[in-house]
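Structural overview for review
Below, each chain spelled out in residue letters.
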There are 2 protein chains.
Amino acid sequence: MAEGPRRRGPERAFTDEQIVGVALDLLDEHGPDALSVRRIAAKMGLAPNAIYTYFPDKQAILRAVVDRIVGERDTQILNDTDAPWRERIVRVSLDIRTRLLAHPGSALLFMSAPIDGPNSLALGEGLLGALAEAGLDAADAARASYAVIVYVLGSVALEASELDPTVPLPAEADRIAERRGAFAAVPAEWFPRTAAVTDVMAAYIGTEQFTWGLERLLDGFAARGR
Amino acid sequence: MAEGPRRRGPERAFTDEQIVGVALDLLDEHGPDALSVRRIAAKMGLAPNAIYTYFPDKQAILRAVVDRIVGERDTQILNDTDAPWRERIVRVSLDIRTRLLAHPGSALLFMSAPIDGPNSLALGEGLLGALAEAGLDAADAARASYAVIVYVLGSVALEASELDPTVPLPAEADRIAERRGAFAAVPAEWFPRTAAVTDVMAAYIGTEQFTWGLERLLDGFAARGR
DNA sequence: ACCTGAACACCGTTCAAGT
DNA sequence: ACCTGAACACCGTTCAAGT
């Protein structure tokens, strides 16, 4: 997108990237409600409408924030062909989960718009490569890669829905302990099977649950590829 | 929660359920942005703050809307023990998917708060029953039931993110055709594997993709149970 | 081209007052 | 107890004007 040298009026005071950075700071420090055009502008010492010089509307800012977070991913994991395909997919999934949970306020942003930025396409491309090694044909590998993305994003969104977005992520053990207390109230006479497994349900938010479900999905891929 | 017979002042003009109904109508007709306390009140001929006689805050209204939609589910499917467990889970998942997609504006609501209403607990209970038949022990069945919920809600949320929430759901074939056009633009030299499967990617939003991933997950459960 | 001041059409929520 | 009128502290976005 080469533009001619436009040299009229004052220099741009900020870059798009700086605006995205301020937006991400607001999200992490004060939660999704604080991610407003007016607060971004205020934090940068700009009039609210000056933001519209950089982005056409608020939705564009949100998409750029999503892209920024996706870009934090460790892109080496999937390409490390020394490791078997299963291990690579598990590791990249855990990596993404950790990075998204570090910005709990962002979880819904990932579900609210198509994830079709270059970073996202690169992730899909890497997944396709790993899944080809699983013995899946191209069409099945494509379906499998999307299923992995659905599972990862769905897990994170549900997990983040119980988090305070304005506070650093508590230790997993503490989060599980808190849920254990809440689940103690399930009435065993109405939901007997549920009441019998409240300990496991308390751990739904944990790494172990996340990995367990992902492994079952990968088992299914492996069986299909054989 | 039995309350004493309070008989002072005028009768309640509406019920909680009527308010939830109006909220759902606004959501379906004008999208999530129209789901505001003030618009609900206006549509009922009330002053905006009168709503706070029925619900403590907007979040409570949103939770009630979610509960209403979950309640639309066909509760017989999971209990029909004539059918094998796999078929029951696939059928209930497709049923839920269809009902949620009928309210595209609601998709994010399901990811934005813990789904712990009685209807949701009943769903979990039914899943646990079906998964016990898969040969999973109680702890694994609990993990599996949550994985299914993650997969279903994640699929619907990602699928709904591309829908116009103010318009009835177009036919699946039309939605896939539109995506096919969009994906034609993926640069093959940068993302060769992706470009080779754009036809499948266009169908990510479809029933076939949904079922394929779910079946792989269930394959994984079955292998674990054996 | 970039930015400001002012305005428009909204929000969710609270408070005091009326019946 | 239920409801209204008025207000508070916000939104996203647009428009005309200044440099």
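Just so you know, these numbers come straight off a predicted model, no measurement behind them. Counting of residues starts from 1 at the beginning of each chain's written sequence and follows it residue by residue. Following the order in which they are written, the chains are lettered starting with A and the ligands numbered starting with 1. Restriction of local features to residues with pLDDT of at least 70 applies here, the model being predicted, together with a cutoff of 80 or more for giving and counting side-chain atom pairs; totals for whole chains, interfaces and linings are based on all residues. With hydrogens and water stripped out, all remaining heavy atoms of the structure feed into the side-chain values.

1. Describing the domain arrangement of chain A
Residue and element names in this part refer to chain A. Definition in use: These domain limits were set by an automatic method or by a database of domain assignments. Here a residue-residue contact requires only that any non-hydrogen atoms of the pair lie within 4.5 Å. What counts as buried area is the accessible surface, traced by a 1.4 Å probe, that two parts surrender upon association, with contributions from both included. For this analysis, a polar contact is any N or O atom pair within 3.5 Å, provided that within protein one partner can donate a hydrogen and the other can accept it, and provided that sequence-adjacent residues contribute only side-chain to side-chain pairs. Gly counts as polar in this scheme, as do all residues outside two lists: the nonpolar Ala, Val, Leu, Ile, Met, Phe, Trp, Tyr, Cys and Pro, and the charged Asp, Glu, Lys and Arg.
Annotation of chain A at the domain level lists domain 1 (16–66) and domain 2 (70–168 + 212–225). Each of domain 1 and domain 2 has a C-alpha centre, and the two are 27 Å apart. Facing the 12 residues of domain 1 at the interface are 11 residues of domain 2. Carbon and sulfur atoms make up 66% of the area that domain 1 and domain 2 hide from each other, which totals about 890 Å². Among the residues domain 1 hides against domain 2, the three largest losses belong to Leu27, Asp28 and Val66. Together they make up 53% of the total. Between the two partners, domain 1 and domain 2, sit 2 residue pairs in polar contact (both at pLDDT 80 or more). For the side of domain 1 that touches domain 2, the residue count by class is 6 nonpolar, 3 polar and 3 charged.

2. Concerning the interface of chain B and chain A
We count it as follows: Counted as salt bridges are all cases of a side-chain nitrogen of Lys or Arg within 4 Å of a carboxyl oxygen of Asp or Glu. Secondary structure elements follow DSSP: runs of H or I of four or more residues count as helices, runs of E of two or more count as strands, with numbering from the N terminus.
Every contact between the two is made by 50 residues of chain B and, on the other side, 50 residues of chain A. Of all residues in chain B, the largest losses of buried area upon contact with chain A belong to Arg143, Tyr146 and Trp212 of chain B, amounting jointly to 17% of the total for that side. Inspection of the region where chain B meets chain A yields 4 salt bridges. For glutamate 208 of chain A, the salt bridge goes to arginine 143 of chain B, with nearest N and O atoms at 3.6 Å. At the boundary of chain B with chain A, the tally comes to 12 residue pairs in polar contact (both at pLDDT 80 or more). Elements with a contribution of two residues or more to the side of chain B that touches chain A: helix H6 (107–111), helix H7 (118–132), helix H8 (138–160), helix H10 (192–195) and helix H12 (207–225) of chain B.

3. Side note on the protein's contact with DNA strand C
To keep it simple, the criterion reads: Distances are taken per atom, and a residue is near a molecule or strand as soon as one of its heavy atoms is within 4 Å of it.
Within the structure, DNA strand C sits among 22 residues, and Ala13, Ala47 and Asn49 of chain A together with Arg38 and Tyr52 of chain B are positioned closest to it. Per the 4 Å cut-off to the protein, sugar and phosphate atoms form 55% of the nearby atoms of DNA strand C. One of the backbone N or O atoms of lysine 58 of chain B is found 3.0 Å from a phosphate oxygen in DNA strand C. Ranked by residues supplied to the surface near DNA strand C, first place goes to helix H2 (residues 37–44) of chain B with 3 residues.

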